[in-house]
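Take a look at the letters that make up each chain.
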Protein chains: 2
Amino acid sequence: MSQIERVAIVGGNHGNELTGVYLVKKFQQYPNLINRGSFETLALLGNLKAIEEGKRYIEKDLNRCFTNQSLQNTQLSSYEDTRAKEIQQILQPQNLPFVDVIIDLHSTTANMGLSLIFCDMHPFLLRLGAYLTSINPMVKIFINQQSREGGFLRSLCELGFVIEVGAVAQNILNAELFQQTEQLMYAILDYFEGCNQGNIPQSNSTITFYQYIETIDYPRSDAYDGLHLHGEIQAMIHPQLQFRDYEPLHPGDPMFLTFAGKDIFYEGASTVYPVFINEAAYYEKGIAMYLSQKHQEVV
Amino acid sequence: MSQIERVAIVGGNHGNELTGVYLVKKFQQYPNLINRGSFETLALLGNLKAIEEGKRYIEKDLNRCFTNQSLQNTQLSSYEDTRAKEIQQILQPQNLPFVDVIIDLHSTTANMGLSLIFCDMHPFLLRLGAYLTSINPMVKIFINQQSREGGFLRSLCELGFVIEVGAVAQNILNAELFQQTEQLMYAILDYFEGCNQGNIPQSNSTITFYQYIETIDYPRSDAYDGLHLHGEIQAMIHPQLQFRDYEPLHPGDPMFLTFAGKDIFYEGASTVYPVFINEAAYYEKGIAMYLSQKHQEVV
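The name that an unreviewed UniProt entry assigns to chain A is Probable aspartoacylase, with the source organism given as Nostoc edaphicum CCNP1411. Its UniProt record gives chain A a comment under Catalytic activity (unreviewed entry), which states: "an N-acyl-L-aspartate + H2O = a carboxylate + L-aspartate". Under the UniProt heading Sequence similarities (unreviewed entry), the entry covering chain A gives this text: "Belongs to the AspA/AstE family. Aspartoacylase subfamily."

The next thing to look at is the layout of surface pockets. Roughly 330 Å³ of internal volume is contained in the second largest pocket. Around the second largest pocket, the lining comprises 18 residues; the ones closest to its centre are Phe243(A), Ala167(B), Val168(B), Ala169(B) and Phe243(B). A per-class count over the lining of the second largest pocket returns 11 nonpolar, 6 polar and 1 charged.

Here we come to the pairing of strand β9 (residues 254–258) of chain B. Residues and elements named next belong to chain B. Across the 5 residues that make up β9, a large majority, 5, are buried. The sheet contact formed by β9 and strand β10 (residues 263–265) spans 3 bridges and is antiparallel. If you follow Pro 254 over to β10, its bridge partner there is Phe 265. Hairpin connection from β9 to β10: 4 residues lie between these consecutive antiparallel strands, with Gly 261 at a positive phi of about 100°.

For the rest of this paragraph, the subject is empty space enclosed by the protein. Residue and element names in this part refer to chain B. Overall, the coordinates contain 1 cavity of 30 Å³ or more when judged by the stated rule. Here the largest cavity is characterised by a volume of approximately 50 Å³. In terms of lining, the largest cavity is formed by His 14, Glu 17, Arg 56, His 106, Ser 107, Thr 108, Glu 164, Phe 276, Glu 279 and Tyr 282.

Moving on, we get to the interface of chain A and chain B. Of the residues lining the interface, 32 residues belong to chain A; the matching set on chain B comes to 32 residues. Across the chain A to chain B interface the summed buried area is about 2,700 Å²; carbon plus sulfur atoms make up 64%. Summed over the three residues of chain A that lose the most area to chain B, namely Leu173(A), Met236(A) and Phe259(A), the buried surface amounts to 19% of that side. Counting every contact that joins chain A to chain B gives 2 salt bridges. Notably, a salt bridge pairs Glu232(A) with Lys25(B), separated by 2.6 Å at the nearest N-O pair. At the boundary of chain A with chain B, the tally comes to 10 residue pairs in polar contact (both at pLDDT 80 or more). Top element by residues in the side of chain A that touches chain B is helix α6 (residues 175–196) of chain A. It accounts for 4 residues. Residues belonging to the side of chain A that touches chain B are distributed by class as follows: 17 nonpolar, 8 polar and 7 charged.

So, on to helix α6 (residues 175–196) of chain B. Since the α-helix advances by 3.6 residues per turn, residues separated by three or four positions end up pointing in the same direction. Residues and elements named next belong to chain B. When the terminal C-alpha atoms of α6 are compared, their 32 Å separation across 22 residues agrees well with the 32 Å that a helix rising 1.5 Å per residue should span. Along α6, 17 of the 22 residues are buried, which leaves the element largely enclosed by surrounding structure. Looking at where α6 begins, the residue whose side-chain oxygen comes 3.0 Å from the main-chain nitrogen of Glu 176 is Asn 174. Positive backbone phi, at 70°, marks Gly 198, one or two positions downstream of α6.

Cut-offs used in this document
- Residues numbered from 1 in each chain as written.
- Chains lettered and ligands numbered in written order.
- Predicted model: local features only at pLDDT ≥ 70, side-chain atom pairs only at ≥ 80, totals over all residues.
- Heavy atoms only, no water.
- UniProt positions renumbered as here; feature names shortened; annotations may be inferred.
- 1 Å grid on protein atoms, 1.4 Å probe; cavity = no way out; pocket = protein on both sides within 12 Å on 5 of 7 lines; lining within 4 Å.
- Points joined across faces, edges and corners; volume = space filled by probe spheres on them.
- Nonpolar A, V, L, I, M, F, W, Y, C, P; charged D, E, K, R; others polar.
- Buried < 20%, exposed > 50% of the residue type's maximum accessible area, 1.4 Å probe, protein only.
- Helix = DSSP H or I, 4+ residues; strand = E, 2+ residues; numbered from the N terminus.
- Pairing = 2+ DSSP bridges.
- Contact = heavy atoms within 4.5 Å.
- Buried area = accessible area lost by both parts, 1.4 Å probe.
- Salt bridge = Lys/Arg side-chain N within 4 Å of Asp/Glu carboxyl O.
- Polar contact = N/O pair within 3.5 Å; in protein donor to acceptor, adjacent residues only side chain to side chain.
- Expected span 1.5 Å × (residues − 1).

This is how it looks when you write it as structure tokens:
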């Protein structure tokens, strides 16, 4: 592994996720908090207009605009397409290589604790995950391999990953989660510093992680009604599943509750681990939760 | 007390508060759930466009548009001003008196449980509150007398009140709170039915309620910065106060935590009871919480 020379921390890729927004503002005000002897750290805000307006995005989800195709297409003129190109340039100023690491700070209404989301099983990231989960049980590792082609900011570099913090409502700050996220950031930066100095922090030799299997939508009305892209929802997350991210869901366990009060059960063949349960921004995307499998691996 | 003949239940006065939106949709689909022998119940959605777009409002807060002055001003053309006039007409169709009761369903990111918010100490509402708090400890009564002139929907009739349900994030459904709100609605309608039939449900003879004293804003940067109406926030709700709505706050208790990690304490002279702590929609209004006094009264 070569040295890490430049790290980018991005907050407010979604404008209504305030934990990252205010952490980045703090880091911009006190850069000594995030710089380390062996590398430089850049803190930047993502969707500036959406942050001002307290929205996830203005015209389209910025965190789906980072495909190669979009970044090279000079015809795209939405605010988010333009901002995506600006961010790409900030991450790779002229005469400099692209940043080595992108840490993309998000928050979620799902009870994700402090989740690191990786695009793949990169050995460096797995060792980082093993270390962080060993020092803080709130840290969880979710691996979503489908996401390389999705236009996510994190996919711009090999060591790009997301931190998802929750449960917290959109457009509010939860001080406890803010402080926990801040401490996690320092632990990550200190880990990089140790690696650069040939002094990798001690850790568990195994990592527990959760790997994406499939997306579950809400039960919806059959027909496209002209208004709801995915049809109108007919049920809610079941009270017994709400806030139970990363806990086992067994065949036959309740999953949804219809507005009429009827339970809907999980009909899969084996135990799975739901994550992103009841994320506010995913209703419009047709996602009630992701199902994952739990794995342990030696790193 | 004369008979209650017509009751209106409004959901989605704010478009991103889904508990009320989906309860009203359920009531519209199954009107027998809300009709009673002695009165008629109307269920209607408030801010239709904002519900479609998953926002609190489109141009301005609909729940500040119901002043007499605005309702009579034909020059006002914003979506919300227009919708306010439509709602007023729905609540008073030609040749009929105005509805006797308005129940305005809201949700909040504050931990308000099932809060009833009254504009004044109307004896009928206080007896209703005494009854509901006696059958369900989640029910709380908050009296905000400043609110008559605020253009609130509930102020259109003497027996208008708000139900605030939380903590729940904007743009999600929490099934447990949905069901608790639904049961509360039936208890209220059954209470009205009993009153109409001269058979008022038995209750405690005292009511505990919380009366508005003052509004507390977040600590903010001094100067208006051209962007933030109230200056940029400098601190978060303190972790020891978060989710502690209706609990005592004593002089010297921590209230806020600055981004730099410094505690800010409550400096009032006497114990108060904060409510609406960390409501997402109130950041832009300059409200971190309301302070209230706790009272008991014989009804």
